[in-house]
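Listed below are the residues making up each chain.
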Amino acid sequence: MELFDNLLLGLSTALQFNNLLYCLIGVVIGTAIGVLPGIGPIPTVALLLPFTFGLPPESALIMLAGIFYGAQYGGSTTAILVNVPGETSSVVTCLDGHAMARQGRAGPALAIAAVSSFFAGTVATVVIALLSLPLAALALKFTAVEYFSLLVLGLLAAVILAHGSVSKSLAMVFLGLLLGTIGIDVNSGAARMTFGIPALSDGLDFVPVAMGMFGLAEIIANLERNEVRQVVSQKLRDLVPTRADLKAAFPAMVRGTAIGSALGVLPGGGAALPPFTAYALEKKIARDPQRFGKGAIEGVAGPEAANNAGAQTSFIPLLTLGIPANALMALMIGALMMQGIQPGPQVMTEQPALVWGVIASMWTGNLMLLIINLPLVGLWVSMLKIPYRLLFPAIVLFCCIGTYGISNSVFNVWLMLGCAMLGYFFIKVGVEPAPLLLGLVLGPQLEENFRRAMQLADGDPSVFLTRPISAVLLAVVAVLLLAMLSPAVLRKRTQALAE
Amino acid sequence: MKYRRLGAAVAALALCGALIPTLVQAQSFDRPVRIVVPFAPGGTSDILARLISPKLSEAVGQPVVVENKPGAAGNIGADAVAKARPDGHTLLLMDIGSLAVAPSLFSDLSYDVKKDLEPVGMVMFGPYVLAVHPSVPAKTVPELVDYAKANPGKLAVANSGVGALNHITSVALARGLGIDWKAVPYKGGAAASRAVVSGESTVIINGATATLPFVTSKQLVGIAVTGDARLPALPEAQTFKEAKLPLADAGTWQALLTTGKTPAAVVARLNAELQKILAMPEIKEKVAEQGGMVRPGTPDEVKAWLATNIESWGGIVRAADIKSN
């Protein structure tokens with residue numbers, strides 16, 4: 001019954017008029033920055049932080065949280081329409097979402113993305129309310145050893161993720177891992193492959209690499225193709241998903257939500273793992289994996305649900321333990337401290353109206369996002385009718401502003417342009433950049449955790465098998481590897497590729 | 001002698017500047033002022049810069065913009081300020097512990113900490129708390145030292161990165177006390193705290209704000225604090241000085257600096273405004289929430305602080321052969 005009391009307390013806070021207003025402001029700003037490629041929630045929240053001083057703590061946090069999950073909604077819009085992932089989390093949405101848009105089905109793709117996000121957001125709110133404490137305890141059981149095993153599983157998913165040849169996707173994963181080693185090594189402090197350039201010492205930033213390889217490379221390829229772009233029909237019937245779409249998407253939404261809720265709690269790998277894992281799972285269990293990458297609606301629904309659920313459950317370590325799961329949560333801690341609230345495990349008991357108010361506001365916020373986004377689908381889709389000669393300079397401009405804004409450095413703009421050239425080359429030779437990005441994101445964490453686990457265990461590798469969570473994860477890896485390499489599967493794969 | 005006279009002249013000039021409005025015009029600010037924070041948003045330096053900027057803006061009559069230029073342990077942001085026009089319109093707010101160790105840590109530093117940066121004034125000091133995971137059977141400094149001596153190599157001290165001041169402190173403690181513990185680097189203080197709360201590592205030396213909540217909730221055991229006095233929130237923990245531990249003044253020392261060769265009058269004006277801001281009750285209160293206390297003072301105090309610690313902290317880095325490049 002305590003749960004009901006808590007939720008009621010939360011709703012009574014979240015439904016106060018001023019809190020509803022701040023929630024609305026938050027989600028509207030979030031959607032806007034999500035739609036603009038490259039301008040992410042982190043600089044936005046940092047910029048708005050001083051404005052929250054004057055607000056009561058719950059209003060401040062409700063607004064900042066709204067910006068965060070609002071950006072997850074908005075990010076998928078640009079990914080689907082113009083193939084530019086603004087956030088780590090929307091890379092996967094590019095794959096099938098943009099394929100759908102090219103087939104003139106941008107409307108259903110956007111609608112399914114919004115509906116999946118809402119569904120995941122609602123479920124994740126309940127998950128947070130019910131399971132915060134046990135989940136936070138579980139997250140604390142994840143030490144370097146468990147992270148390493150989880151990341152191995154994630155990287156294996158990258159190979160499954162790619163369509164086309166296994167050798168090509170393996171090559172891309174390894175190239176990604178290699179690029180991930182650039183920068184100062186966390187364990188020894190040695191600079192690797194930085195060529196004395198200080199801007200490289202913290203490694204390659206993910207956003208410019210992703211925007212260059214996906215967005216700009218795609219633009220170059222489009223300009224060269226000179227194809228007549230699909231004229232998008234404006235009939236309402238074509239904007240909403242069909243019954244068949246919904247039927248196909250629903251199970252994917254449920255699975256994506258489950259994956260996202262679980263992985264979101266884990267600090268660190270947060271943003272990249274949930275959507276990638278959800279996509280890999282959808283592709284693995286689909287009856288016809290060949291459809292993926294060519295506009296499969298499950299490929300949009302699963303990752304979108306996973307990314308939104310993950311965004312919300314990443315609040316669990318913050319609210320229950322006072323530990324930030326990612327850079328944005330660290331900013332939230334900053335916001336709390338400015339309000340005179342010491343983040344930590346005691347917040348939940350000392351400030352119940354704040355904690356439960358924020359949790360309840362996530363649900364009202366998600367409802368607002370759905371109401372804002374569904375009618376906007378038509379508007380976004382009509383953006384595609386803008387002549388490409390006007391649209392592409394605008395995208396390039398926003399990409400440049402966004403990448404510059406990450407750390408106020410021109411270096412990232414050059415990095416993006418370099419990656420655009422590389423991405424164009426990849427399109428020409430027919431390889432997928434997605435596994436490379438996963439390698440780039442997960443590689444450094446894989447190495448860091450492996451070496452830390454070894455340092456703590458005095459170099460004894462048996463810890464990976466003696467610790468139960470790690471052993472289970474590695475067992476799953478072994479089963480997947482066996483399944484992939486077994487002759488029967490290999491034959492089937494060759495057949496499928498021949499078709 | 002010459003310098004002291006110059007200092008007196010500067011002080012006199014600053015005094016005149018405060019008294020005679022026409023003289024203030026001479027050191028006026030004619031375009032927006034930037035405060036460069038060489039770290040990502042959300043950290044202590046960033047929060048302090050955002051606290052100070054509106055007040056400074058009122059004082060100088062120009063917009064004051066906070067600009068995050070993260071990367072290379074603060075060197076990218078510091079380098080940008082070191083190479084800016086020396087007119088006091090480009091400021092740097094950072095933990096100057098990083099500046100003190102940078103010359104020893106990086107062999108190819110692109111700026112000279114002493115020459116290319118001009119201190120404006122100290123802003124705050126935040127003490128460190130030395131805490132352990134409850135699985136470690138120690139509640140006081142002697143107990144911890146005994147345990148560490150009986151179990152060499154067993155304790156793992158989490159730090160926020162190779163060459164970070166809490167890494168250097170752990171190295172200095174190991175050398176000073178003759179104990180053997182592992183220094184385990186993490187990406188930032190938050191990751192290090194998390195690792196010690198989960199028991200992955202067992203000891204942490206980190207800012208009071210980040211550490212105290214876990215001590216209050218009994219997830220960590222507070223053992224000692226740096227700084228001059230015990231913390232009201234942790235009265236049973238000795239200070240490093242009481243326990244005769246090395247590096248008793250370790251912690252986060254946040255200061256405001258500007259480009260080297262900035263005219264002394266401009267630096268004096270900035271320092272005068274900074275002192276007024278640090279005296280405001282609301283600023284004191286907000287700084288206390290960051291786990292520290294405001295540190296009013298002259299530019300020369302920061303200069304002396306840097307000169308001392310480039311030697312003493314830098315000496316530990318060189319002796320332990322810690323490198324980052």
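Residues numbered from 1 in each chain as written. Chains lettered and ligands numbered in written order. Predicted model: local features only at pLDDT ≥ 70, side-chain atom pairs only at ≥ 80, totals over all residues.

Looking at the overall build of chain B
Then step 1. On a plain count of helices and strands, chain B comes out with 13 helices and 11 strands.
Then step 2. Against the 2.2 N^0.38 benchmark of 20 Å for 325 residues, chain B shows a C-alpha radius of gyration of 20 Å, consistent with a compact globule.
Then step 3. In terms of its C-alpha atoms, chain B occupies a principal-axis envelope of roughly 70 × 40 × 35 Å.
Then step 4. In chain B, buried positions account for 56% of the 325 residues.
Then step 5. Counted over contacts in chain B with a minimum sequence separation of 6, partners at least 24 positions apart contribute 75%. (Helix = DSSP H or I, 4+ residues; strand = E, 2+ residues; numbered from the N terminus. Rg over C-alpha atoms; globule rule 2.2 N^0.38 Å. Buried ≥ 20, exposed ≤ 12 C-beta atoms within 10 Å, placed from the backbone. Contact = placed C-beta atoms within 7 Å.)

Quick word on the domain arrangement of chain B
All names here are of chain B.
Then step 1. If you check the domain split of chain B, you get domain 1 (2-125 + 252-319) and domain 2 (127-239).
Then step 2. Here the C-alpha centroids of domain 1 and domain 2 sit 30 Å apart.
Then step 3. Each side of the interface is counted separately: domain 1 has 11 residues, and domain 2 has 9 residues.
Then step 4. Elements supplying a minimum of two residues to the side of domain 1 that touches domain 2: helix 5 (96-105) and helix 13 (299-319).
Then step 5. Grouping the amino acids of the side of domain 1 that touches domain 2 by side-chain chemistry returns 7 nonpolar, 4 polar and no charged. (Domains from an automatic or database assignment. Nonpolar A, V, L, I, M, F, W, Y, C, P; charged D, E, K, R; others polar.)

Regarding the environment of Asp30 of chain B
Then step 1. The residue Asp30 of chain B is located in the loop between helix 2 (21-26) and strand 1 (33-37) in this model.
Then step 2. Note: C-alpha distance between Asp30 of chain B and Val60 of chain B (30 residues apart in sequence) is 9.1 Å.

So, the nonpolar core
Then step 1. Membership of the largest hydrophobic core comes to 252 residues, with the highest contact counts inside it found for Leu64 and Met332 of chain A together with Leu93 of chain B.
Then step 2. No other element matches helix 6 (residues 106-141) of chain A, which puts 17 residues into this core.
Then step 3. Here this core spans two domains, since at least three of its residues come from each of domain 1 (2-125 + 252-319) and domain 2 (127-239) of chain B.
Then step 4. In this structure Leu93 of chain B touches Ile35, Val37, Ser45, Leu48, Ala49, Val123, Gln254 and Leu256 of chain B, once residues within four positions along its chain are discounted. (Core = buried A, V, L, I, M, F, W, Y, C linked by C-beta atoms within 7 Å.)

Some points on unusual backbone geometry
Then step 1. A positive phi angle, close to 50 degrees, is found at Phe195 of chain A, a residue other than glycine.
Then step 2. Relative to the helices and strands, Phe195 of chain A is located in the loop between strand 2 (191-192) and helix 9 (206-225).
Then step 3. Of note, Asp321 of chain B is a non-glycine position whose phi angle comes to about 55 degrees, a positive value.
Then step 4. Considering the arrangement of structural elements, one finds Asp321 of chain B in the segment after helix 13.

Some details on the UniProt feature "transmembrane region" (unreviewed entry) in chain A
All names here are of chain A.
Then step 1. Under the present numbering, the feature "transmembrane region" (unreviewed entry) in UniProt falls on residues 20-39, 109-132, 144-162, 169-186, 315-341, 353-374, 386-406 and 469-490.
Then step 2. The span residues 109-132 is 100% helix and 0% strand, and its two end C-alpha atoms sit 32 Å from each other.
Then step 3. A helix fraction of 100% and a strand fraction of 0% characterise residues 353-374, whose end C-alpha atoms lie 31 Å from each other. (UniProt positions renumbered as here; feature names shortened; annotations may be inferred.)

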